[in-house]
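If you want the building blocks of each chain, they are given just below.
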4 protein chains.
Amino acid sequence: MSNRIGTCISFTLFGESHGAEIGMLADGLPAGIPVDEELIKKQLGRRRPCGAISTARVEADEYRIVSGVFNGYTTGAPLCLLIPNSNTNSKDYEGLTYHPRPSHADYTAFVKYGGYSDYRGGGHFSGRLTAALTAMGAIVQSALKAKGIEIGAHISSVGQIKDKSFSPTAEEFALAKEGFPVIDKSAGEKMKAYMAEAAAEGDSVGGIIELAVSGMPAGVGEPWFDGVENALARAMFGIPAVKGIEFGAGFGFGELKGSEANDAFTAKQGRVMTKTNNNGGINGGITNGMPLVYRVAIKPTPSIYKHQETLNLRTGKEEPLQIQGRHDPAIIHRAVPVTEGVSALVLADLLAQQYGRSWLVPDKEERK
Amino acid sequence: MSNRIGTCISFTLFGESHGAEIGMLADGLPAGIPVDEELIKKQLGRRRPCGAISTARVEADEYRIVSGVFNGYTTGAPLCLLIPNSNTNSKDYEGLTYHPRPSHADYTAFVKYGGYSDYRGGGHFSGRLTAALTAMGAIVQSALKAKGIEIGAHISSVGQIKDKSFSPTAEEFALAKEGFPVIDKSAGEKMKAYMAEAAAEGDSVGGIIELAVSGMPAGVGEPWFDGVENALARAMFGIPAVKGIEFGAGFGFGELKGSEANDAFTAKQGRVMTKTNNNGGINGGITNGMPLVYRVAIKPTPSIYKHQETLNLRTGKEEPLQIQGRHDPAIIHRAVPVTEGVSALVLADLLAQQYGRSWLVPDKEERK
Amino acid sequence: MSNRIGTCISFTLFGESHGAEIGMLADGLPAGIPVDEELIKKQLGRRRPCGAISTARVEADEYRIVSGVFNGYTTGAPLCLLIPNSNTNSKDYEGLTYHPRPSHADYTAFVKYGGYSDYRGGGHFSGRLTAALTAMGAIVQSALKAKGIEIGAHISSVGQIKDKSFSPTAEEFALAKEGFPVIDKSAGEKMKAYMAEAAAEGDSVGGIIELAVSGMPAGVGEPWFDGVENALARAMFGIPAVKGIEFGAGFGFGELKGSEANDAFTAKQGRVMTKTNNNGGINGGITNGMPLVYRVAIKPTPSIYKHQETLNLRTGKEEPLQIQGRHDPAIIHRAVPVTEGVSALVLADLLAQQYGRSWLVPDKEERK
Amino acid sequence: MSNRIGTCISFTLFGESHGAEIGMLADGLPAGIPVDEELIKKQLGRRRPCGAISTARVEADEYRIVSGVFNGYTTGAPLCLLIPNSNTNSKDYEGLTYHPRPSHADYTAFVKYGGYSDYRGGGHFSGRLTAALTAMGAIVQSALKAKGIEIGAHISSVGQIKDKSFSPTAEEFALAKEGFPVIDKSAGEKMKAYMAEAAAEGDSVGGIIELAVSGMPAGVGEPWFDGVENALARAMFGIPAVKGIEFGAGFGFGELKGSEANDAFTAKQGRVMTKTNNNGGINGGITNGMPLVYRVAIKPTPSIYKHQETLNLRTGKEEPLQIQGRHDPAIIHRAVPVTEGVSALVLADLLAQQYGRSWLVPDKEERK
């Protein structure tokens, strides 16, 4: 169903940018997972706009968990997490219903919902909702970490500027999670300068995010349509602005031969490994014990201050548009924790499918 | 659920490469869709191996529909389509259980299923099952065509050799569907030569398939996790060897600015259009009335005759592997009709979600 | 999934009796349904405890819709409805974790959730959550009514006291919805006296609710496992205390012969009808155009003031229990609007499966 | 989805009475369950018509498993089971399309599917499909039995003739499964005489089936809409002719007071038990460790030889009907193994939801 992912543990997203509250509802989370409030706050903080390269709309992101948690642990009942929308400025969006912003969902939502959708700030299609994805993701990320599974993401490239690739090591994960989400901080400075330049021009930039997951046991992922690739891809395309996803060598496979692309099996200290990881830790949709590695393409934020061409849907005539409102010249750095959170939701469900839901509950000694 | 796609109309895949029969079960197809046997046969023919660039295992692909069709029309009851496995040679696969082929699902299936999986010919993970996807896809493709929706695919590139891109026009669709699936037939000849060369070396090649869909009405696709991109991505990664998917400009967005990337709205003959189609016909996960355009990356067939390194899982020691059996040096040309068929299954479900299942039933005058 | 019903339109219930808020999340409701605040309030009022035959815990039931509604109409995005828990008195439930109330979910929740569940007031298993079912049900009931479909329920019997049966007529529906939910108000007086008597004894009573639905078009309901009977039964057993359901003659069929039980077809004013309605408007799981008629059995409220036998789970020894807290000597009259609401949710989904989601949107002239 | 039950393990039914084959597809069954061919045959044998009280259409029920089983064990891939329709006599059904049999699905299927449904022998609505339910159920019953869970059913009553109730003991289960499915064989003789009498009159009889499940661990079943009652009810109403279901005291609760109805907790040899079992082993939708006890109402077979009133749908006029074809004067004894099988499918999914799919795989020492 549309706003939901997950089979054994499902997560449903709801809310509109300028409505009262946005939120996410988890159904099927096992009882006994400690809720890591610090990580929720940290991840929301990483997603929050800041400085010259973000929108001026800053939200406190004061989430509330109204069900499914008791004395700091999940109860096994549905967990509903809410985030109020406080800093809304709906005036900015008046008139946009009939004057769709290019490459936004304004026009398609108008067609689909016959004029009933909440058009303010992108309504249900707003990137604002990713705050709820991030907060719910953090709850699950913490549970995965207690089982030895860590998810990290960094900006792989913006324009022509490239970060180094994930190995991935714990050090790289730590670097990517401190400050601007890159491993090579000097590349990060160049990216920020490039973003600020675009902002100054009233323009926006796209880029590529690379993710890695360490510690995934082999054998997770269901065949054909619920493999790790299927489930991550389905969920990732939910994040606004994602327009591509690739695993391991991805589109680069197109230029390889089998003898170059195949990952030879070997054993290290009794553990089965592969000598290369062109398959990004996944064979036949199922984890093979190597780190997962995948990348998503982020299109430039469609909201730009530059003058644009569009239609007036009432007159049917072209009418130029100068977008008002508060926008991000780049959202890629803010999308980084979102992609981590969404990955956590997907992997938790696949782990539950393979081992049962209660596998996600840390043993007493695994908790901190 | 694992082997199933679709919400209002679901499709479940089953079977093993060397089992009695493979098949697909559709649940939720409306009554009254004429079953186009010619198209099923044509699409199975396009998928069938042929000549120097394919495996020597040639199957008759004699499908049977054992339920859900009466007097040539769907009945509204579940449609079960079966294809017998006739030309199996299980001897070739003896010993492979403990000797996993690199980049295949042998090892991950072994871990996941604890040695109970049918390892012969890749078992349930075999590309053989795409025959059932193709046949079921053809039933739905025919229904979509009666509603003015056409799906086409071609090989976009193999190695460094590129076909021209889809506009897409009806002529391009026709070219791509005749013979070797390219628009520029001279590029096709180069591709075949490149494939034959790899075959001669005991190697295999990867490539990229481009798809386009014309005639999709605006407003189809559900928000966040059941949009056109989510649903197509989830399904496409089911096709063995797919390792990436991108829509419109896809990964190319990473180097664009918003002012370059945004698709300006305009109107032609009273119809809303965009001047460019960088978004591949999709905004916010929902069709905008422009053609859908997307590409999938196909990794080189992992089964190669060349000598490879792998493990013996019983001894835990490295042991080289010389794959026997019958293999494809390239499967990309055979994957083309599969990607069309899978696209049809996905789009039919999204159309049914938007307009109701019976929208898919052609009016009397739409039938031929 | 556990807390969810519905395929094309899904409804997920969440919350705990003594948590911050309870609520329900609808996904798949079409855009353009007017939200009938009056009916929500009316139905919540009918469910609210009152007088000698109800608990002393009275809630204001001040619901909030935080998403999915804009300017009084559904937007097509998920609709999240919340009801705060204001009048909670958790002290009353201290110690109940290890001292399970007979015939409650205390013990089973303890086993299932390993002591992590919120035990206060029954937690997630509390009848309190039916307020959210009722409110969401009212939104859908109003939409159904605009399409000519009306759902009514009354107390069919309590102890030996019987109300008359539904025909059903509009008059009977109106009677059942005014005041105490019976058609024969003198039977209602006897029921109330019987309930008050049980209350005085510190005891509780069970009973049977009969429902009817008029105006359902023929052809609704999916074969085998998503027929009208399957879907209503699954949902109805969600209402706490429901222990049986029967359609038409139901268990009475056991004593009938085919020649007595079969409903002969006839035609009235060009409409196909049946002369009797022993099948309760359903053949093969599909509506036949006659009114739906079904009954649910409601067990006596398990919370009674009378002294009861139970265990102390820590000592493993029997230990008597005198329940404190505020309880209902009878919940059957309060359950009546809940059964109506749940029926509405189920039928809306089946109608959407048959005709598409947008069928539920009233035409301009159907609105009032 | 319509023809499917189950969340973690799903089962989809397909086929038509006079089509080529009927079958069932399981998705999510874990690898390593031994397939008990003897039990499949035994259960199909119990379902097969025999003697004076059954239809003259006798099928060999030669099932084939075409996928998901290798060397006698499930592989973890989807299991497709097929049963050919051999003894079909479609001539008998000519003309029935426009002349609907009372209380059958003929008319509703006609309305729903607009004349495209396969009307021969009831098509997709035929009791014939329960053979597939029974065979798939047997595979799962055998797995449950290896885990100590046994499911039994018997005819509780036919007309006024009653069998004794389940305690349930192993002896009662054994008696119910030998020959005519009753515990008290003398009551069985009376039932058979009553059925034969109805047959002689060209009439049919209804009745009530009682089921019991021993060995279910406490804590199984999900809250609100996927509890044991919800899931069993939904599935049981799929069996043609089922018109009611009740758990424990069921409709009898309507005349009880809380002090009579509540099941007091106690402990025997360190195990939590209840002194009575009015709740049929279920509190709050979750198993409490006591035997499950439930009953389903079976309406008289609608196909009777007696003259009946119905319509001619083409003329819109009443036209009497004398049903030809081969019919059962009673199906209740044949429905007994079907209800067992369906119960097994439902419980297996709920056990998998609680403990993970692999819980269903017997340990080596549990196999026989």
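These remarks concern the structure in this document. Remember, predicted model here, so these are calculated numbers, not experimental data.

Another aspect to go through is the overall build of chain A. Of the regular secondary structure elements, chain A holds eight helices and 18 strands. A globule of 368 residues ought to have a C-alpha radius of gyration of about 21 Å, and chain A, at 21 Å, matches this closely. Along the first, second and third principal axes, the C-alpha set of chain A runs to 70 × 50 × 35 Å. Within chain A, the proportion of its 368 residues that are buried is 70%. In chain A, the share of contacts with a sequence separation of at least 24, taken over all contacts with a separation of at least 6, comes to 72%. Just so you have it, chain A exposes about 11100 Å², and 51% of that area is on carbon and sulfur atoms.

For the rest of this paragraph, the subject is the pairing of strand β2 (residues 10–14) of chain C. Residues and elements named next belong to chain C. Within β2, five of the five residues are buried, which leaves it mostly tucked inside the rest of the structure. Of the two faces of β2, the one holding S10, T12 and F14 and the one holding F11 and L13 are both buried throughout. Pairing of strand β1 (residues 4–5) with β2 involves two bridges; the strand directions are antiparallel. Directly across from I5, in β2, lies its bridge partner F11. Linking two consecutive strands that pair antiparallel, namely β1 and β2, is a turn of four residues; a positive phi of about 105 degrees is found at G6 within it. In this sheet, strand β3 (residues 21–27) lies alongside β2 in antiparallel orientation, the contact comprising five bridges. Counted as the bridge partner of S10 is D27 from β3. From the end of β2 to the start of β3, which pair antiparallel, there are six residues, and G15 there has a positive phi angle of about 115 degrees.

What follows covers helix α6 (residues 228–236) of chain B. Taking burial as the measure, the nine residues of α6 of chain B include nine buried ones, the bulk of the element. Taken as a whole, α6 of chain B has its buried residues at V228, E229, N230, A231, L232, A233, R234, A235 and M236 of chain B.

On to the relation of the copies chain C and chain B, then. The two copies are related by a screw operation: chain C maps onto chain B through 180 degrees of rotation and 0.0 Å of translation along the axis, at an RMSD of 0.0 Å. Classification of the inter-copy transformation places it as that of a two-fold axis. Distance from the rotation axis, computed per C-alpha, reaches its smallest value in chain C at G356 of chain C: 1.8 Å. When the interface residues of chain C are mapped onto chain B, 100% of them are again interface residues, pointing to one common binding face.

With that settled, the discussion passes to the environment of L44 of chain D. Residue and element names in this part refer to chain D. Tracing the sequence through the fold places L44 in helix α1 (residues 37–47). Looking at L44, the relative accessible area reads 1%, which means it is buried. Here the alpha-carbon distance between L44 and R334, two residues 290 residues apart in the chain, equals 9.4 Å.

At the junction of the two partners, chain C supplies seven residues and chain B supplies seven residues. Taken together, the connections running from chain C to chain B amount to two salt bridges. Of the charged contacts, one joins R357 of chain C and E222 of chain B as a salt bridge, the two residues approaching to 3.3 Å between their closest N and O atoms. Summed over the shared surface of chain C and chain B, the result is four residue pairs in polar contact (both at pLDDT 80 or more). Class assignment for the residues of the side of chain C that touches chain B results in two nonpolar, three polar and two charged.

The element helix α2 (residues 106–113) of chain B is extensively covered by neighbouring structure, given that six of its eight residues are classed as buried. Along α2 of chain B, the residues classified as buried are D106, Y107, T108, A109, K112 and Y113 of chain B. Looking at the buried positions of α2 of chain B, the neighbouring elements they touch are β12 (265–268), β13 (271–274), β14 (282–283), β15 (286–287) and α8 (332–355) of chain A. G114 of chain B lies just past α2 of chain B and shows a positive phi near 60 degrees.

Calculation notes
- Within every chain, residues take consecutive numbers counted from 1 along the sequence as written.
- Here the convention is simple: chains get letters from A, ligands get numbers from 1, in the order in which they are written.
- Whole-chain, interface and lining totals are the exception, using all residues; otherwise, since this is a predicted model, local features are given only for residues with pLDDT of at least 70 and side-chain atom pairs are given and counted only at 80 or more.
- Only heavy atoms go into the side-chain values, all of them from the structure, while hydrogens and water stay out.
- Segments assigned H or I by DSSP are reported as helices when at least four residues long, segments assigned E as strands when at least two residues long, and all are numbered from the N terminus.
- Computation of the radius of gyration draws on C-alpha atoms alone. For the globule rule, the value is 2.2 Å times the number of residues to the power 0.38.
- Whether a residue is buried, partly exposed or exposed follows from its accessible area with a 1.4 Å probe, protein chains only, as a fraction of its type maximum: under 20%, in between, or over 50%, in that order.
- Residue contacts are defined here by distance: any two heavy atoms, one from each residue, within 4.5 Å place the two residues in contact.
- Residue-level accessible areas treat just the shown protein chains as cover; the underlying method is Shrake-Rupley with a 1.4 Å probe.
- Strand pairing requires that DSSP identify at least two bridges connecting the strands.
- Here the copies are superposed with least squares, the fitted atoms being C-alpha atoms of residues at a pLDDT of at least 70 in both.
- The salt bridge criterion pairs a side-chain nitrogen of Lys or Arg with a carboxyl oxygen of Asp or Glu, the two atoms within 4 Å.
- A 3.5 Å cut-off defines polar contacts: any pair of N or O atoms within that distance qualifies, except that in protein one atom must be a possible hydrogen donor and the other a possible acceptor, and neighbouring residues in sequence count only when both atoms are side-chain atoms.
- Any residue outside Ala, Val, Leu, Ile, Met, Phe, Trp, Tyr, Cys, Pro, Asp, Glu, Lys and Arg is labelled polar, Gly included; the first ten of those are nonpolar and the last four are charged.

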